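So you can see what is in the structure, the chains are spelled out below.
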Amino acid sequence: MQGSGMQGSGMIGRRRVPGAAALDRARLLLIDTAARDPSGPLAAGLAHFDSWESLAAIAETPWLSPARRPSAVALRRARHRLRLLGSAPSTFAAAAAAGSVEPVHLRGICAPLPGDHAGDDLWRRGIVEDAAGRWVVDEGRDFALTDGDGATALVRVAGGRLVNAARLRRGDQVSVFGFADEAPDLAGLARSPHGRGGQTLALRSGSELPLLVSLLRRYDRVDDGSRQ
């Protein structure tokens, strides 16, 4: 990814590639999780991580349990968060009313913000190597998420993880897991009669839990069924 020069992008995050031990701990937790709930929301949550590469996006975050010897409480919290990943998406109105105590799940179509002419690529993830080791580097910019009813939210990508793809583009269908908040509506997403300057629903990372974006359907693959 060195020299990718994604037009108009900024650094979303840079993190060390998880080691084998961290991935093994995550794998054991997910095997235990799948055995406890083979057909319910826990199992559905696991469907977002269809490869070990995608699992690496959350292996050392509190979405799982990063501790070498997690407590029973930490394991219960990890299972609770995996259930969220398998939950049905919330409506945008419900997410706005819920506040930012717990992450929410929204689903929709991605698009650049109004006035953003930097191109169709919204997010790229790649691996770089230097003298200090191997790193996962995410580049991208904030984007709009629109549901089937036309409601739109701002997705603030800082600190986020694209979990199952190397690229996100205009028109892709995604699930987004993050904390619902309000942000200044500088792009006019809320379609207020007063124009820009009000507030709009925004999804963001939390202090511990990063925003997660899971690709469901490519914009150019109309025959490709969504992953639930």
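Just so you know, these numbers come straight off a predicted model, no measurement behind them. (Residues numbered from 1 in each chain as written. Predicted model: local features only at pLDDT ≥ 70, side-chain atom pairs only at ≥ 80, totals over all residues. Heavy atoms only, no water.)

Visitor: Explain the overall build of the protein chain to me, please; I cannot follow it from the model alone.
Guide: Counting its regular elements, the protein chain contains five helices and 11 strands. Going through the 228 residues of the protein chain one by one, you find that 45% of them count as buried. Considering only contacts within the protein chain whose residues lie at least 6 apart along the sequence, 72% involve residues at least 24 apart. Total accessible area on the protein chain stands at roughly 11,300 Å², and carbon and sulfur atoms take up 52% of it. (Helix = DSSP H or I, 4+ residues; strand = E, 2+ residues; numbered from the N terminus. Buried < 20%, exposed > 50% of the residue type's maximum accessible area, 1.4 Å probe, protein only. Contact = heavy atoms within 4.5 Å. Areas by Shrake-Rupley, 256 points an atom, 1.4 Å probe, with all protein chains shown as cover.)

Visitor: Explanation requested: helix H4 (residues 72-85) in the structure shown.
Guide: At 3.6 residues per turn, the α-helix brings residues three or four places apart onto the same side. With 14 residues, H4 ought to run about 20 Å at 1.5 Å a step, and its terminal C-alpha atoms sit 20 Å apart, in line with that. If you check which residues of H4 are buried, you get Ala78, Arg79, Arg81, Leu82, Leu84 and Leu85. (Expected span 1.5 Å × (residues − 1).)

Visitor: Would you take a moment to explain the pairing of strand E9 (residues 173-184) for this structure?
Guide: Two faces belong to every sheet, and in a regular strand the side chains alternate between them. The buried fraction of E9 amounts to nine of the 12 residues, a majority that puts the element mostly inside the structure. Pairing of strand E2 (residues 104-112) with E9, which is carried by six bridges, proceeds in the antiparallel orientation. Bridging from a neighbouring strand, Arg107 pairs with Ser175 of E9. In terms of strand pairing, E9 meets strand E11 (residues 212-217) through five bridges, oriented antiparallel. Note that in E11 the partner of Val174 across the bridge is Leu215. Direction of pairing for E9 relative to strand E10 (residues 199-204): antiparallel, over a ladder of six bridges. Of the residues in E10, the one forming a bridge with Asp181 is Ala202. (Pairing = 2+ DSSP bridges.)

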